[in-house]
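# Breakdown of the fold
Listed here are the chains, written in short residue letters.
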Amino acid sequence: MSSALKDLKIFMKIAFLEGISYLLLLLIAMPLKYLADIPEGVKYIGWAHGVLFVLFCLYLLKVWIGLKWSFGKAFLAFVASLLPFGTFILDARLKKEYPQVNAQ
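Residues numbered from 1 in each chain as written. Predicted model: local features only at pLDDT ≥ 70, side-chain atom pairs only at ≥ 80, totals over all residues. Heavy atoms only, no water.

## What about the overall build of the chain?
- If you tally the helices and strands in the chain, you get five helices and zero strands.
- Overall, the chain is about 50 × 25 × 20 Å in size when its C-alpha atoms are taken along their principal axes.
- Taking contacts inside the chain between residues at least 6 apart in sequence as the whole, the part at least 24 apart equals 70%.
- For the chain, the accessible area works out to roughly 6,500 Å², and carbon and sulfur atoms hold 73% of it.
- When the 11 positive and 6 negative side-chain charges of the chain are each reduced to one mean point, those points stand 10 Å apart. (Helix = DSSP H or I, 4+ residues; strand = E, 2+ residues; numbered from the N terminus. Contact = heavy atoms within 4.5 Å. Areas by Shrake-Rupley, 256 points an atom, 1.4 Å probe, with all protein chains shown as cover. Lys, Arg positive; Asp, Glu negative; His and termini not counted. Charge placed at Lys NZ, Arg CZ, Asp CG, Glu CD.)

See below:
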């Protein structure tokens, strides 16, 4: 497997985790903060989500360059990170486009 495909595999794992952290933040931590006055969830889940989002962006740049994606494709991948469930849709599409990444 080429270096670019290895980076894609890592990117897909990060994207999946980033999507989970985003949903935890939106659906659990923020309601706890604003409805039950329990802000700790936002502090910790928000921190983890922030780290994963930065890693997502760094690996997106790496994959964009390594696989020579168009600007539009990279932009849509970035937009997916901003939408709830977006990274899961991105993951499904990348698995179809790059089946060799799943084989390893």
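Here the narrative resumes, following the displayed structure.
## Examining helix α4 (residues 86–97)
- Compared with an ideal rise of 1.5 Å per residue, which puts twelve residues at 16 Å, α4 spans 17 Å between its outermost C-alpha atoms and is within 8% of the ideal.
- Within the sequence span of α4, burial applies to Gly86, Thr87, Leu90, Asp91 and Leu94. Considered in projection along α4, the buried side chains sweep an arc of 135° and stay on one side of the axis. Facing away from the buried side of α4, by more than 90 degrees, are the exposed residues Arg93 and Lys96. (Expected span 1.5 Å × (residues − 1). Buried < 20%, exposed > 50% of the residue type's maximum accessible area, 1.4 Å probe, protein only. Arc of directions from axis to C-beta.)

## A word on the packing of helix α1 (residues 3–36) against helix α2 (residues 40–66)
- Where α1 contacts α2, the axes come no closer than 8 Å and their chain directions differ by 155°. Between α1 and α2, the crossing angle belongs to the class labelled roughly antiparallel. Note that α1 runs across α2; the crossing there is left-handed.
- Grouping the constituent residues of the contact of α1 with α2 by class yields 21 nonpolar, five polar and four charged. (Axes fitted to C-alpha atoms, helices over the stretch in contact; angles between N-to-C directions. Parallel < 35°, antiparallel > 145°, perpendicular 65-115°, else oblique. Left-handed = near helix turned anticlockwise from the far one by under 90°. Nonpolar A, V, L, I, M, F, W, Y, C, P; charged D, E, K, R; others polar.)

## Regarding a nonpolar patch on the surface
- The grouping of Phe16, Leu17, Ile20, Leu24, Leu27, Ile28, Leu32 and Ile38 at the surface amounts to a nonpolar patch, some 660 Å² of accessible area in total.
- Inspection of the secondary structure puts Ile20 in helix α1. (Patch = residues over 30% accessible without salt bridge, like charges linked within 9 Å, V, L, I, M, F, W, Y side chains within 5 Å. Salt bridge = Lys/Arg side-chain N within 4 Å of Asp/Glu carboxyl O.)

## Concerning the packing of aromatic side chains
- Inspection of every chain in the model, using the stated rule, returns seven aromatic pairs.
- Judged by centre distance (6.0 Å) and plane angle (20°), the rings of Phe71 and Phe75 are stacked. Residue Phe71 and its partner Phe75 are located together in helix α3 (residues 71–82), separated by four residues, close to a single helical turn.
- Given the relative accessible area of 44%, Phe75 is considered partly exposed.
- Ring geometry for Phe85 against Phe88: centres 6.2 Å apart, planes inclined by 50°, an arrangement best described as tilted.
- The class for Phe85 is partly exposed, based on a relative accessible area of 47%. (Phe/Tyr/Trp six-rings, centres within 6.5 Å; stacked < 30°, edge-to-face > 60°.)

## Observations concerning the nonpolar core
- Counting 17 residues, the largest nonpolar core has Leu8, Phe11, Phe56, Trp69, Leu90, Leu94 and Tyr98 as the members making the most contacts within it.
- Looking at this core, the elements with two or more residues in it are α1, α2, α3 and α4.
- If you tally residues by element for this core, the top one is α1, at six residues. (Core = buried A, V, L, I, M, F, W, Y, C linked by side-chain atoms within 4.5 Å.)

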